[in-house]
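# An overview of the molecular structure
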Amino acid sequence: MALASEKAPFQSVGEPVQNVQVDQKVVYGTKDLNLWYGKDHALKNISLDIYEKEVTAIIGPSGCGKSTYIKTLNRMVQLVPTVRISGDISYRGKSILDKSYKVEDLRTRVGMVFQKPNPFPKSIYENVAYGPKIHGIRNKKILDQIVERSLRGAAIWDEVKDRLHENAYGLSGGQQQRLCIARCLAIEPDVILMDEPTSALDPKSTLKVEELIQELKKEYSIIIVTHNMQQAARISDKTAFFLNGEVVEYDQTDVIFSNPSDKRTEDYITGRFG
Amino acid sequence: MALASEKAPFQSVGEPVQNVQVDQKVVYGTKDLNLWYGKDHALKNISLDIYEKEVTAIIGPSGCGKSTYIKTLNRMVQLVPTVRISGDISYRGKSILDKSYKVEDLRTRVGMVFQKPNPFPKSIYENVAYGPKIHGIRNKKILDQIVERSLRGAAIWDEVKDRLHENAYGLSGGQQQRLCIARCLAIEPDVILMDEPTSALDPKSTLKVEELIQELKKEYSIIIVTHNMQQAARISDKTAFFLNGEVVEYDQTDVIFSNPSDKRTEDYITGRFG
Amino acid sequence: METNSALNEGNAVNVRELIIEKKSKRNITNVLEKIMPKVLLSIAMISILTTVGIVLTLLTETVEFFSRVPLIDFFTGTVLKPLSQNPEFGVLPLLTGTIISSFIAMFVAIPIGLMTAIYLSEYASDKVRRLLKPMLEILAGIPTIVYGFFAFTFVTPILREFIPGLQATNILSPGIVMGIMIIPMVASLSEDAMSSVPNSMREGALALGSTKLEVTGKVIIPAAMSGIVASFVLGISRAIGETMIVTIASGSSKNFTFDITQSMQTMTAYIVEVTGGDAPAGSTIYYSLYAVAMTLFIFTFIMNLLARYISRRFREEY
Amino acid sequence: MKYVDTAQVQKKMNTRLVTNNLAKSLFFVSTIFGLIVLAVLIFRVVSEGISWINFDFLTGKLSTNADRAGIMGAVLGTLWLMAVVAPVTMLVGVGTAIYLESYAKKGRLQSFIQTNISNLAGVPSIVFGILGLTVFVRALEFGNVVLAGGLTMSLLVLPIVVVASQEAIRAVPAHLSEASYGMGATKWQTIKNIVLPAALPGILTGAILSLSRAIGETAPLVVIGIPALLIPFPGSIMDRFTILPMQIYYWTIDSALVAEYANLAAATIIVLLVVLFLLNSIAIIIRNKFQQRY
Amino acid sequence: GGGDEEATTESDEQTGTEEVEGTDTETEEATEGTELEGSVVVDGSGTVYPLMSVVAEEYMYTEQENVSVEVSRAGTSAGFGKFLIENGTDFNNASRQIKDEEQAEADTVGFEVKEMKVALDGLTFVINKENDWATELTEEELIRIFKHDGGVTKWSDLRPEFPDEEIKPMGPNENHGTYEFFYENILEKEDLVDGVNLQQEYSTLVNLVSEDVNGIAFFGFGYYVNNQDKLAAVNVDFGDGPVEPTLETIGEDAEYAPFTRPVFTYLNVDMAKEKPQVLDFALYVANNVNDFAGEAGFAPLPDAELQEYVAFLEGLK
Ligand SMILES: Nc1ncnc2c1ncn2[C@@H]1O[C@H](COP(=O)(O)OP(=O)(O)OP(=O)(O)O)[C@@H](O)[C@H]1O
Ligand SMILES: Nc1ncnc2c1ncn2[C@@H]1O[C@H](COP(=O)(O)OP(=O)(O)OP(=O)(O)O)[C@@H](O)[C@H]1O
Ligand SMILES: [Mg+2]
Ligand SMILES: [Mg+2]
Ligand SMILES: O=P([O-])([O-])[O-]
């Protein structure tokens, strides 16, 4: 699948839509990525480097391939059987599209938060302990510590500490979403992928999650898909604008929002469509 | 169901959120409308007058009750069995919540266009002829005339005139939506309700439908729900901003967008939430 | 837009007036609108009538039966000799036959059905699933008489190679074959339950680095538990009601035994035997048929209610 | 401080993956098990019966003489039975489904009927046989004729049609009927013009599946009583009849009398399976071809 | 040697068919030439079924194409249940004589019943082919095996040189006339042994015995003849040395007489008067049944007896 054999951990400048200066470590390098759902060409020649300990936002109208791209980063997209991929994605310098790269391994290092909060129908505690447990951590004390730290990390500890053993479905949507973030933190990931994590939330919960993201970026690299441009503007360092499966523009967030170089970016940002 | 017995065809000024001057005929008068889905209070004390041959836009975040309100106007909301309504809605001066008002009658005068294009799985011709047919018009010649006139009215005649007897599902999304508008025009309604009519369409089709709406308002009164604020700004004469089942602000569109009187309206319009 | 002018110019037909004019004549529509709900309600009542019919049919004759044979004797008697000179009507031989055969069937159907469901729902690709599922469903569609034939002429002789004491007619072989017949039912219902666990749950677990087995065992099965258990209960109910397989392959001995190598009779097979003989109306054996049928009906009725209760009561809210 | 020891995780990873693969194989074998049994069953039946299938067998009359026995009578009986079951279940099944989905208010009556139907689906077929014997054969004095058998079978398969039709009706997207109501159509107009046409493929699929259940059932007819020797072909719904499964039943138990009857039973099974296979294929074709994607 | 056996059965079949064909010409004179239609409903004994179904089939093929003779086989007693009601079956086959209470029932309903013997059957005891010890038993030994207090559970209880293994006695269940004949005429109404395995279907019995070396079952000779490849018959010593049941030895005055019984069909005379096809079929049976008996595993009746029936039936016309 991975056609490109050369691996470029630090991608050189010169890619058409990348005006980002190389001053940080690259977490994800994407080169000439193409993806098809059957005949449907969903990602077209994506080349994009994502940097450490930053928030990278991906925006674009519905159906432009945002979710597809982010799901390619932890190979969840391959759950769709008709998917074909060409090009290369490297994570920390190693090509993840390579057959020899174990997805389970990749996914323990790259956490993911979804659009709709999707806690397991178990207790709050079990939700957070799930990851460590499958990775073989059985010691009750250690688990307790992991659960507390993760819930604190997701800024939800105070709200749930007295009901750790109640079902997670008793929580509000916003709490559930932070629980999912905690669940993700529990396996101490390197990168966190977020696919419209606040789109199902009310304004207050959205604010909380946004604050949390600002907090998390000190420790983790975060890639976030959002349809809310104001949100991208508020919380991200870099923004990529996708349209019809292509990256139209990728730059510092303030540049994208104040001075986009592509007419389509401007049209989108000013609400001409979408 | 209709608790308010007084009917107010021309609603007097003085309602808290209505700064609209009365210079036109009122089509719909809404007074103290409350609506519950079971225990869920979805519309709270809505009072709102809608004027003839204008485009009235209803905006607000997801779940605020936009669709519920617009569906109350042709009593489609009562298809949900748990719905309870209090307050009053009058159409052309007659209270439509009254049991004696036949919904079938109301709905032949008030057309509706939905979020997702929903043509019937029949031919294009049959789709448009459906309304006249169920109302007893069987004459083939008359039907032919109605179909052509309606399709022209919806600006889609030229695209489909050679394939009238093909299945409507062969059309693109944008064409389907205009077909649904044509279907609605076929029974010569007085008012057209539109619930996010362009949200499933691409930019080009959106533009076409927006132009069509501008054209239609010469003949019809149009009430349109949209989540796209730019769209509301572009095409509507008046705009109502809903939040949590309440009307926060209702005014001339330019006032709402340039100089809203409520902080929440401003927050929403500038993308603080939603 | 030029197209719109058509609206104004070609006003040859005034639809609105036409509609108003036609409305006064649309009696049929109005009449239909009024009577259809009533017509449909009466049709819907046929299913209720059927149940009432079943219950009344069984009940009247059952009452007569119990006026002749004490209830206690019926439910605690271990000897069933309906046609004998000194008839005895203990239902226990039939109950044990029914329960044992159903137990054997579920012993086959539950593990295999569940594992099949897991494979189809969690592992198989769409293509494979679409190929295998209909093929499996053929198993459920094969007439039971064919299974009976199969159990009697094929499975029993094979089993006898391994189990020396096995009778030519025995409860084991039809039990196993019934289990095979029920596999698709258990598999299909369990699969439905598992695939209705939202994909977001699967994705959530996979995104944490779980293997498919872990996703299935720790997330999907617990979440789908009620549906899975309900499928087991429905499977049991099906096994209890199954007739032809046991009739053909287990013979008609009314042994009260727990030895699965022996011939036993189930409630259903007893009914076939007695009605096949069409015992003269009015004889005690004729009434016993209804008492057994009633017992069977109540048995399966409870099972079905139980399955409904389980799948409702414990339905997870995702 | 790190709780998750990467090396530890790596070490466990391999065991986990191996376990996963083992389990996958086990699950696959289980799935295949049913199919193997199916293959064996079909192989045995075919090898015993195929050489007995010829034109004379298919078109001939029943006989006690194995060499000249034919199954036309049973085939025609099966067709006659279908001629009763198909219209009755369609009418009653679809009517009930429409009532439940479109008219019944959510409440006691609706859930009572619904519970009742799902319970009927679980009532053993032999109990329906007793009902048929008591009501149609005796009380209404039809005797053991096609009509009595057909009505009994109709009641037996009714839940299948109701449930399938309900699902088909429910699967018609609400936005279609909303569009119709939005034009001022009445409820019945909407059901007749929009809902039923759109649900038709699903309804037909259910109806065909119920038919294939009906013609494969034996137990109720054993109870109702089918003559072991019946040579003339049935010519109306008031004639006595036999059907393929009954013929299989009699030939199976009589194989002690004439060994060749076992072959006749196998040959008849082949015919029955072919008929069922055809019916099911039609159902699948309808489901795949005509199902509108909205 | 499976192939061999098949060949034998086939040739048996063929001889059977020829015999039948031979009868065609004979009986053609008997036909009145009138075309009859309608149905004749026959139920009752499973033992008699093979005989009656062949007769009925031949009647339909060669005599009256438009008459439908439907033969069922609910068992003798159960068949009487359907016969002894208003508008019941036209004929009831029986492997025993009608009981007094059954006759009384007919009187109550109000119709006349005519008893017709149709053939002679030999109650045959069958054992497994591998069983090489019980091939010859005395009448008394057989009774001891099946009787409640016969004191026999193992073969060795019967004779010390027999194996020390449990006997598995079996037979048709109480639905069957064969059971009642055995119970009433041979056991003289003494209860059956406790472990006896009574089955509804003869095919089940055939299988059980053919698969169990210790099995022994009784049923009509016909079921033995058709399964000689799987079963062996016990030669019974009634006092004058062992007698093998064969078509020759079975007969009311022949060597196997003690276990010989007539099988019957009972005619509803009122039906015969009412429906010409019923009477016509009854006549056909009386005239021709002997030609079919051997094929179905029955010994023929003396001609004189059948002629009596013919005379009686002719009288109904
Ligand atoms: N499972 C799938 N099978 C086939 N096509 C798919 C699948 N998922 C997505 N697509 C198609 O791929 C394209 C990109 O979809 P994707 O979900 O990535 O868009 P998106 O940008 O996330 O949109 P949204 O904002 O609506 O979530 C779309 O055209 C979509 O129809
Ligand atoms: N059929 C229903 N039954 C119960 N509650 C409903 C139903 N439809 C809507 N609601 C609830 O009523 C409230 C208003 O819903 P409504 O669909 O009117 O919102 P909306 O403004 O149209 O949102 P959107 O922009 O997402 O379409 C929501 O809380 C919703 O959950
Ligand atoms: Mg997306
Ligand atoms: Mg809405
Ligand atoms: O079937 P029977 O002849 O024994 O009644």
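Residues numbered from 1 in each chain as written. Chains lettered and ligands numbered in written order. Predicted model: local features only at pLDDT ≥ 70, side-chain atom pairs only at ≥ 80, totals over all residues. Heavy atoms only, no water.

As annotated in an unreviewed UniProt entry, chain C carries the name Phosphate transport system permease protein and is attributed to Halalkalibacter kiskunsagensis. Among the UniProt annotations of chain C, the heading Sequence similarities (unreviewed entry) holds the following wording: "Belongs to the binding-protein-dependent transport system permease family. CysTW subfamily." Among the UniProt annotations of chain C, the heading Function (unreviewed entry) holds the following wording: "Part of the binding-protein-dependent transport system for phosphate; probably responsible for the translocation of the substrate across the membrane." (UniProt positions renumbered as here; feature names shortened; annotations may be inferred.)

On to the overall build of chain C. Each helix and strand in chain C was counted, giving 13 helices and two strands. Taking 20 Å as the expected radius of gyration for a compact globule of 318 residues, we find that chain C reaches 28 Å, considerably beyond that expectation. With the C-alpha coordinates aligned to their principal axes, the bounding extent of chain C is approximately 95 × 60 × 35 Å. Taking all 318 residues of chain C together, the buried fraction comes to 59%. Put simply, of all contacts in chain C between residues at least 6 apart along the chain, 71% involve residues at least 24 apart. If the 23 positive side-chain charges of chain C are averaged to one point and the 23 negative ones to another, these points end up 6 Å apart. (Helix = DSSP H or I, 4+ residues; strand = E, 2+ residues; numbered from the N terminus. Rg over C-alpha atoms; globule rule 2.2 N^0.38 Å. Buried < 20%, exposed > 50% of the residue type's maximum accessible area, 1.4 Å probe, protein only. Contact = heavy atoms within 4.5 Å. Lys, Arg positive; Asp, Glu negative; His and termini not counted. Charge placed at Lys NZ, Arg CZ, Asp CG, Glu CD.)

Here the focus is the interface of chain A and chain D. If you look at the interface, chain A gives 15 residues, while chain D gives 12 residues. Surface buried jointly by chain A and chain D totals about 1300 Å² across both partners, of which 54% is contributed by carbon and sulfur atoms. At the boundary of chain A with chain D, the tally comes to zero salt bridges. The interface formed by chain A and chain D includes three residue pairs in polar contact (both at pLDDT 80 or more). Elements represented by at least two residues in the side of chain A that touches chain D include exactly α2 (103–109) and α4 (140–153) of chain A. Split by residue class, the side of chain A that touches chain D holds six nonpolar, three polar and six charged. (Buried area = accessible area lost by both parts, 1.4 Å probe. Salt bridge = Lys/Arg side-chain N within 4 Å of Asp/Glu carboxyl O. Polar contact = N/O pair within 3.5 Å; in protein donor to acceptor, adjacent residues only side chain to side chain. Nonpolar A, V, L, I, M, F, W, Y, C, P; charged D, E, K, R; others polar.)

Moving on, we get to the interface of chain D and chain C. How big an interface is tends to be stated in terms of accessible area lost as the parts join. In this assembly, 70 residues from chain D lie in contact with 72 residues from chain C. A combined buried area of about 6400 Å² lies between chain D and chain C, and 76% of that area is made up of carbon and sulfur atoms. Counting the contacts that link chain D with chain C gives one salt bridge. In this structure, R16 of chain D engages E214 of chain C in a salt bridge whose closest nitrogen and oxygen atoms are separated by 2.6 Å. At the surface where chain D touches chain C, the tally comes to 14 residue pairs in polar contact (both at pLDDT 80 or more). Among the elements that line the side of chain D that touches chain C, the one with the most residues is helix α1 (residues 6–49) of chain D, at 20 residues. Among the residues making up the side of chain D that touches chain C, the classes are represented as 45 nonpolar, 19 polar and six charged.

Residue and element names in this part refer to chain B. With five of seven residues buried, strand β10 (residues 246–252) is to be regarded as a mostly interior element. Bridge analysis of strand β9 (residues 238–243) against β10 gives six bridges, and the strand direction is antiparallel. Bridging from a neighbouring strand, F241 pairs with E249 of β10. Following β9, the chain reverses through two residues before pairing antiparallel with β10; N244 in that reversal takes a positive phi of roughly 50°. (Pairing = 2+ DSSP bridges.)

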